[in-house]
Amino acid sequence: MIKMKNIKVLTSIAAKNIQRNKSKSRIIILSIMIGTIAGTFISALMTGMYNQKVHDSIYTECAHLQIVSKSYLSDEDINSTFSAQKAESVLKKYQNPGKNAPIQAFSEQTIILSMAQTARGNAGIKLTGIIPEEEKKVSDLYTKIIPGTGSYFSSKTSLPEVVIGDKLAEILRIKNYRITEKNLAEMLHNGLDKDIAAKLNSLKNIRYITKKKLEKAIKAVTGQKVQGKAISLIRKYSIYYGHMAKITFSFTNTAGELSFLSCRVGGIFKTSNTFFDQSEVFIRQQDLLKETGLTANKIHKTKILLNKNLKPDNLKNIQPIEQEIQSSLPKLKVLDIRNTSPDAYSFQLMSLPSTFIILFIIYLVISFGIANTMTMAVMERIKEFGMLRSIGMSKKEIRYMIMAESLILIAIGALIGIFISVIIIIITSHTGINIFGSSSLESFGMNSLIYPSITPELFIIIVIMTGIVGIVTAISPINKVLKIKLTNATKGVLS
Amino acid sequence: MNIKKELSKSEQSEKVIILKDLYKTYHSSEVEVHALNGINLHFNRGEFTAIVGPSGSGKTTLLNLIGGLDNPDKGDIIINNQSIINLKEKEITEFRKRNIGFIFQSYNLLPVLTARENTELVMMLQDYTDSECKNRAEELLKEVGLENRMNDRPSKLSGGQQQRVAVARALASKPQFILADEPTANLDSKSTEGLLSIMGKLNKEENITFIFSTHDQRVVKKARRIIKIEDGKVISDENIDKL
């Protein structure tokens, strides 16, 4: 063991040596700083991405818990229902009294698998009957209605009203592309080139059912492929949603007969999950019951939103209440994020290991450079190490001195790196970053605008990793210094 | 300095270093260099000895072996009645720390430390308190005439001044022996003269055994014993005092 007093002396020499070879010290500090910034920022981006996925899954799509019948789990059949009253009586116990109740709200759903059809397209979807006022309490979907496409169950129509997703609107050709006087003016206002705008005049009021067809027409009139900001503006402002479009849903009713239900699109929502937008259609429960043969008491699912005091986004915190509800409803099945959104759950699980892997790779790459620079810096001082060993400094003390030098340099770099990354992350966590383009992440069910987020675990990982880098990068110079014959070292001979 | 020791005649002639039949050969890729070929010597406490000889004669090798920096291929080195060649790495390091002071040709001071810190260093690695280290370093630097340069780093000192710091450092932990390998090789006449008079004074006052390897006639003139080596063998051993 090295004596405490000697540790103080050796650390002080190590610190002084750092100031001595400033350029090499700067290289090491800079590389660990850049690595830390890159690693921290990428990790924060991924954590932000995962957190958003989990948040959207819970607050838009699935809520914290769901109750279904056991048969519904294996077969999402129209007859796999359970008694709404029975579930309600249990859930209401947890909803009262007031603010500290574990359950904040719940919403009952009737769900049938259906085929949606318009004159131009069709798609398999899940038609969910809801009570909009109740559903609003467990899902923020009502905030995601695209402006200008309608509303969340407040339109006036003689036919039942449905709310569909943007992607389904595209598949059913309710969403199309049209250049009009109005949107052309908006494009010009937002910076579209006047020459291109003039050429687009000839395409006015023609309906293009896909983005591709619109772009083909633009290419034909402009004589070139329009790219960059111009095409983004045209795509954005030429979107046209058919007003109160009619959709017919076909499904099997409780008697096993084919039924049809014609509805009008009251509003179109867009979430961060393209698959959700493509497959989920919402309708008032009462409108659905008429055609299905179901009654209001026979439901397929209850979505439960838990009180924020429980910190319910963490699975561990909700498991006790989940178990309580499950034991009160033994014939039904209570589901959490593991079953309702397995992808979001796996992201939650992946968050820490992926942070670890990213930082490990970055620091591993940097370590080679640092070890090399450290070795050069140390070998330049071989005479001094020879002298120190001659006057009685032990190998352990030499090892400690080199290691202290490496650790101090790396700690400085890591601290500066963390400081800069925290500033960057604080700024971007408010503004959000769109790194991967507008739609690429959405096709994976994630929001394209990422809000980087940091967790205390990230800093613990950085501290551990940089500590390891400090030790590992000192091994090579230590070995080289101690391998040199003492009689040669005192003369500066490197053999 | 109040560390002057009055030693009896018998103590003064005590054989503190005994070299028995030392052999050392260096193997390079093509040739074998027989650095030492059967050296038999002894050194008494308080001697001021110069080992002289042409380049490659084995002077430095001999000093390295006495200082425990290297091991002989054959033979034995007995210091204070203890053979040092079979000591473990840890033991030999401790032995060097407590018994031997080294002075190198190119001073080998730590450039990041001041003259005082360089002098204190070896004491700090031992059981001295901070104030003991400080007081002794100041005392020694005063002794070598550097009382006004204590807080200067080596880069601000001349070669002669740096070597005087190296002497102070070598003396700091009160060693029994000082081994100096060509200590004046990089110094001008004035600095050499100054350094030799300091070392001579310390030898007399503190009864420290000095062993130099040197080419320098100025050093040889000051030595009380001159051992001449050629081809790894002792060819003469003159004790001026006895003569």
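Here the structure is a predicted model, which is why all the values come from computation and not from measurement. (Residues numbered from 1 in each chain as written. Chains lettered and ligands numbered in written order. Predicted model: local features only at pLDDT ≥ 70, side-chain atom pairs only at ≥ 80, totals over all residues.)

Looking only at helices and strands, chain A features 19 helices and 14 strands. Here the C-alpha radius of gyration of chain A, 32 Å, is well above what a compact globule of 495 residues would show, namely 23 Å. Out of the 495 residues in chain A, the part that is buried amounts to 44%. A sequence separation of at least 24 residues applies to 80% of the contacts in chain A between residues at least 6 apart. (Helix = DSSP H or I, 4+ residues; strand = E, 2+ residues; numbered from the N terminus. Rg over C-alpha atoms; globule rule 2.2 N^0.38 Å. Buried ≥ 20, exposed ≤ 12 C-beta atoms within 10 Å, placed from the backbone. Contact = placed C-beta atoms within 7 Å.)

Broken down by element type, chain B carries eight helices and ten strands. A compact globule built from 243 residues would reach a C-alpha radius of gyration of about 18 Å, and chain B, at 18 Å, matches this within 12%. If you line up chain B on its principal axes, its C-alpha atoms span 45 × 40 × 40 Å. Within the span of chain B, comprising 243 residues, buried residues form 45% of the whole. Within chain B, contacts between residues separated by at least 24 positions form 71% of all contacts whose residues are at least 6 apart in sequence.

Let us now look at the sheet that holds strand 8 (residues 209-214) of chain B. Residues and elements named next belong to chain B. Taken in spatial order, the six strands of this open sheet run 6-7-8-3-9-10, and their pairing is mixed. For this open sheet the edge positions go to strand 6 (100-103) and strand 10 (233-239), each flanked by a neighbour on one side alone. In this sheet, adjacent strand axes meet at a mean angle of 15° when their direction is disregarded. The pairing of strand 9 (residues 225-230) with strand 10 spans six bridges and is antiparallel. Its bridge partner lying in strand 10, Ile229 is registered against Val234. (Pairing = 2+ DSSP bridges. Axes fitted to C-alpha atoms, helices over the stretch in contact; angles between N-to-C directions.)

Let's shift gears to the nonpolar core. Ranked by size, the top nonpolar core spans 144 residues in total, and within it Val167, Leu179 and Ile211 of chain B carry the most contacts. Each of domain 1 (4-56 + 345-489) and domain 2 (65-173 + 243-335) of chain A gives at least three residues to this core. Discounting residues that sit within four places of it in the chain, Val167 of chain B has contacts with Ile103, Val144, Leu195, Ile198 and Met199 of chain B. One finds Val162, Ala245, Val281 and Leu288 of chain A within the second-largest nonpolar core, a separate group that totals 30 residues. (Core = buried A, V, L, I, M, F, W, Y, C linked by C-beta atoms within 7 Å. Domains from an automatic or database assignment.)

Moving on, we come to the sheet that holds strand 6 (residues 175-178) of chain A. Residue and element names in this part refer to chain A. Ordered in space as 7-6-8, the three strands form an open sheet in which the pairing is antiparallel. Two strands close off the open sheet at either side, each with one partner strand: strand 7 (207-208) and strand 8 (239-241). Alignment of strand 6 against strand 8, held across three bridges, turns out to be antiparallel. Following the sheet pairing, Lys175 is matched in strand 8 by Tyr241.

Next up on the list: the packing of helix 6 (residues 159-172) of chain B against helix 7 (residues 189-206) of chain B. All names here are of chain B. Packing of helix 6 against helix 7 brings their axes to within 9 Å, and their N-to-C directions diverge by 15°. Relative to helix 7, the element helix 6 lies roughly parallel. As for how helix 6 packs across helix 7, the hand of that crossing is right-handed. In this structure, helix 6 contributes Gly159, Gly160, Gln163, Arg164, Val167 and Leu171 to the contact, and helix 7 contributes Ser191, Gly194, Leu195, Ile198, Met199 and Leu202. Its residues assigned to classes, the contact of helix 6 with helix 7 comprises six nonpolar, five polar and one charged. (Parallel < 35°, antiparallel > 145°, perpendicular 65-115°, else oblique. Left-handed = near helix turned anticlockwise from the far one by under 90°. Nonpolar A, V, L, I, M, F, W, Y, C, P; charged D, E, K, R; others polar.)

With respect to the helices, strands and loops of the structure, Ile206 of chain A is situated in the loop between helix 8 (194-200) and strand 7. Spatially, the C-alpha atom of Ile206 of chain A lies 70 Å from that of Met376 of chain A, the residues being 170 residues apart in sequence.

Moving on, we get to the interface of chain A and chain B. Taken together, the contact pairs 19 residues of chain A with 19 residues of chain B. Of all the secondary structure elements, the ones that give two or more residues to the side of chain A that touches chain B are helix 1 (4-20), helix 16 (382-390) and helix 19 (486-489) of chain A. When residues in the side of chain A that touches chain B are grouped by element, the largest group, six residues, is from helix 1 of chain A. Across the side of chain A that touches chain B, the residue classes break down as six nonpolar, eight polar and five charged.

Bringing the pairing of strand 4 (residues 74-79) of chain B into the picture now. Residue and element names in this part refer to chain B. Bridge count for strand 1 (residues 15-27) against strand 4 is five bridges, and the pairing is antiparallel. Bridge assignment links Lys20 to a residue of strand 4, and that residue is Asp76. Relative to strand 5 (residues 82-83), strand 4 runs antiparallel, the two sharing two bridges. In the sheet register, Ile79 faces strand 5, and the bridge partner there is Gln82. Between strand 4 and the antiparallel strand that follows it, strand 5, lie two residues; Asn80 among them carries a positive phi value of about 50°.

Residues and elements named next belong to chain A. For helix 13 (residues 315-328), which comprises 14 residues, the first-to-last C-alpha distance of 20 Å matches the rise-based estimate of 20 Å (1.5 Å per residue) to within 8%. Of all the bends in helix 13, the largest measures some 25° and sits at Ile321. Among all positions of helix 13, only Ile318, Ile321, Glu322 and Ile325 are buried. Close packing links the buried residues of helix 13 with strand 1 (65-69), helix 4 (84-95), strand 13 (301-306) and strand 14 (332-335). (Expected span 1.5 Å × (residues − 1). Bend = angle between axes of the 7 residues up to and from the residue.)

In this section: the environment of Ala223 of chain B. Looking at the element boundaries, Ala223 of chain B is found in the loop between helix 8 (217-222) and strand 9. Other than its neighbours up to four places away in sequence, Ala223 of chain B contacts Phe48, Thr49 and Ala50 of chain B.

The next subject is the packing of helix 7 (residues 181-189) of chain A against helix 10 (residues 228-237) of chain A. Packed helices, taken two at a time, are described by their axes: the angle between them and the distance between them. Residues and elements named next belong to chain A. At a closest axis distance of 10 Å, the pairing of helix 7 and helix 10 adopts a crossing angle of 145°. Helix 10 is crossed by helix 7, and the crossing has right-handed handedness. Each of Asn183, Glu186 and Met187 in helix 7 lies in contact with helix 10, whose residues at this interface are Leu233, Ile234 and Tyr237. Across the contact of helix 7 with helix 10, the residue classes tally to four nonpolar, one polar and one charged.

The next subject is the confidence of the model for chain B. All names here are of chain B. With 93% of its residues at a pLDDT of 70 or more, chain B has an overall mean of 87. Across residues 1-12, where pLDDT falls below 50, the model places 14 contacts with residues more than four positions away in sequence or in other chains. With a pTM of 0.77, the predicted complex shows an ipTM of 0.87. (pLDDT = per-residue confidence, 0-100.)

Residue and element names in this part refer to chain A. Within helix 7, the full set of buried residues consists of Asn183, Leu184 and Met187. Within helix 7, the buried residues cover an arc of 105° as seen down the axis, which keeps them to one side. More than 90 degrees from the buried face of helix 7, the exposed residues found are Glu181, Lys182 and His189. Buried residues in helix 7 make contact with helix 8 and helix 10. Among the residues trailing helix 7, Gly191 stands out with phi positive, at a value near 105°. (Arc of directions from axis to C-beta.)

So, about the confidence of the model for chain A. Looking at chain A as a whole, its pLDDT mean stands at 89, while 97% of the residues score no less than 70. Averaged pLDDT values over the elements of chain A bottom out at 85 in helix 10 of chain A and peak at 96 in strand 11 (residues 280-284) of chain A.

This brings us to the environment of Leu335 of chain A. Residues and elements named next belong to chain A. Among the secondary structure elements, Leu335 is positioned in strand 14. Note: C-alpha distance between Leu335 and Ile426 (91 residues apart in sequence) is 35 Å. Discounting chain neighbours no more than four positions away, the residues touching Leu335 are Leu65, Gln66, Val68 and Thr340.

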